[in-house]
Amino acid sequence: MVVSKIMKNITAILFLYCIGALNGYSQSDSVAQISDYILDYYQKVPMEKIHVHTDRSCYASGDTIWFRAYLVDAATNKPYNRSKFIYTELRDDTADTLVVRYKIKSDSAGIFANAIPLPQTLKSGGYTLVSYTKWMQNFSNDQFSFKRMQIVNSKEPFASLQPHYRSVNKIALSLMPEGGHLLDGFSQFLAFKVIDDKGLGVDANITLTDETGKVLQTTRTQHLGMGKMLVHVRSDEQLFVEAEAMGKTVRVAVPKALKSGVSLSVTQHGDKVHIQPFATADIDLHRMSLVLYGAGNIMEIPVMANKLITIPKSDLRPGVVNIAIVEQTERTVYAERLIFIREEATSMSVTHARCDEDSRF
């Protein structure tokens, strides 16, 4: 789509403009000025996010899927009614085909509500309900709604209702050091993801070995082909990670540890986010700042060597937040990672009141 490519180019230019402004501001500038740059970017290129609720997650062929959808601003998570139509597709995960597609208009309250009748001929298996707007197609599908569900056809033989074990031609393994890179002599988390040839996450056995093939650590993926392990790497050694799943094996070299650099470790515990910056001996952490941005957040905190930074989650808007370690004068980004802040659930207490026979309402 030509329009899509143009919009992506505009988005990239505006984003570089914001980063340039961030890198170029002097130490005397306030965080409010950086916030203005970022908010200006979101105003020029508004980002939508869609939430979809269905009446249940398992259906029989011939049933009807009842659903409601809401559009929000991806930065602030507040209701956003720029788009008047959404597109909803039901996709067959096994056959990798489109079953039906609907174009749905919002009502006067900005809510998209409709029903999708399921064909009687649908086969039993896993399906995905995908929802998006035309505007969202100009960007990545990160803000699309993907809702997986099971559909059962009672006319099929019982054997066909058993779990389906798909075959794959190959698997791929990605390695992602926390903070962006590994440092010489430090213990850091190394995240990994295993996918099949269709891009779907798969469960796999994970093995960490050295150059000689000696096994140093074993584990398994934890969710949708993803997981992490704590590794200790020296700059003069080469480690490897091997993934085995569905009869396929792949081996990838662990990124080399840097002799000089900065990184960070982030954990979420209870209602707080704990951030631990660290650096090799040749770098002064007092020249660094911790910058948090994204999902409507903007925050800058001075870094102190060997000091844990704790931030209450109540100080952060829900959504994906980028955490970066930035040099205070040159504004060079040394390390960064993403975290997801969940929106606090609304609790409700219900009290049962006793009504006497002579009570009047």
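Residues numbered from 1 in each chain as written. Predicted model: local features only at pLDDT ≥ 70, side-chain atom pairs only at ≥ 80, totals over all residues. Heavy atoms only, no water.

1. A look at unusual backbone geometry
Here is step 1 of the chain: Even without being glycine, Asp-96 reaches a positive phi, approximately 55°.
Here is step 2 of the chain: In this fold, Asp-96 is placed in the loop between strand S4 (85-92) and strand S5 (97-105).
Here is step 3 of the chain: Classification of Asp-96 by relative accessible area gives exposed; the value is 58%.
Here is step 4 of the chain: Within the chain, Leu-224 stands out as a residue other than glycine whose phi angle is a positive 50°. (Helix = DSSP H or I, 4+ residues; strand = E, 2+ residues; numbered from the N terminus. Buried < 20%, exposed > 50% of the residue type's maximum accessible area, 1.4 Å probe, protein only.)

2. A word on the pattern of salt bridges
Here is step 1 of the chain: A full pass over the atoms with the stated rule returns 10 salt bridges.
Here is step 2 of the chain: Its salt-bridge partner being Glu-237, residue Arg-234 comes within 3.7 Å of it at the nearest N-O pair. (Salt bridge = Lys/Arg side-chain N within 4 Å of Asp/Glu carboxyl O.)

3. Considering the environment of Ser-61
Here is step 1 of the chain: Its location among the elements puts Ser-61 in the loop between strand S2 (58-60) and strand S3 (64-73).
Here is step 2 of the chain: Taking C-alpha positions, Ser-61 is 5.8 Å from Leu-118, a pair spaced 57 residues apart along the chain.
Here is step 3 of the chain: In this structure, Ser-61 is in contact with Leu-118, Pro-119, Gln-120, Leu-122, Ile-151, Val-152 and Asn-153, ignoring residues within four places of it in sequence. (Contact = heavy atoms within 4.5 Å.)

4. Observations concerning the pairing of strand S8 (residues 145-152)
Here is step 1 of the chain: By the bridge criterion, 3 bridges tie S2 to S8 in an arrangement that is parallel. Across the sheet, the residue bridging to Cys-58 is Gln-150, located in S8.
Here is step 2 of the chain: As paired strands, strand S7 (residues 125-132) and S8 are joined by 7 bridges and run antiparallel to one another. Paired with Leu-129 across the strands is Lys-147, a residue of S8. (Pairing = 2+ DSSP bridges.)

5. Structural notes on the environment of Leu-290
Here is step 1 of the chain: Mapping Leu-290 onto the fold places it in strand S18 (residues 288-294).
Here is step 2 of the chain: Its relative accessible area of 0% is what places Leu-290 among the buried residues.
Here is step 3 of the chain: Note: C-alpha distance between Leu-290 and Glu-300 (10 residues apart in sequence) is 5.5 Å.
Here is step 4 of the chain: Every residue in contact with Leu-290, bar those within four places of it in the chain, is listed here: Leu-264, Ile-275, Met-299, Glu-300, Ile-301, Val-303, Ile-309, Ile-323, Ala-324 and Ile-325.

6. Let's talk about the layout of surface pockets
Here is step 1 of the chain: Quantified by volume, the second largest pocket comes out at close to 270 Å³.
Here is step 2 of the chain: For the second largest pocket, the lining is made up of 13 residues, of which His-51, Tyr-70, Leu-71, Val-72 and Pro-79 are closest to its centre.
Here is step 3 of the chain: Elements with a contribution of two residues or more to the lining of the second largest pocket: strand S1 (48-54) and S3.
Here is step 4 of the chain: Counting residues per element, the lining of the second largest pocket draws most heavily on S1, at 4 residues.
Here is step 5 of the chain: Residue composition of the lining of the second largest pocket, grouped by class: 9 nonpolar, 4 polar and no charged. (1 Å grid on protein atoms, 1.4 Å probe; cavity = no way out; pocket = protein on both sides within 12 Å on 5 of 7 lines; lining within 4 Å. Points joined across faces, edges and corners; volume = space filled by probe spheres on them. Nonpolar A, V, L, I, M, F, W, Y, C, P; charged D, E, K, R; others polar.)

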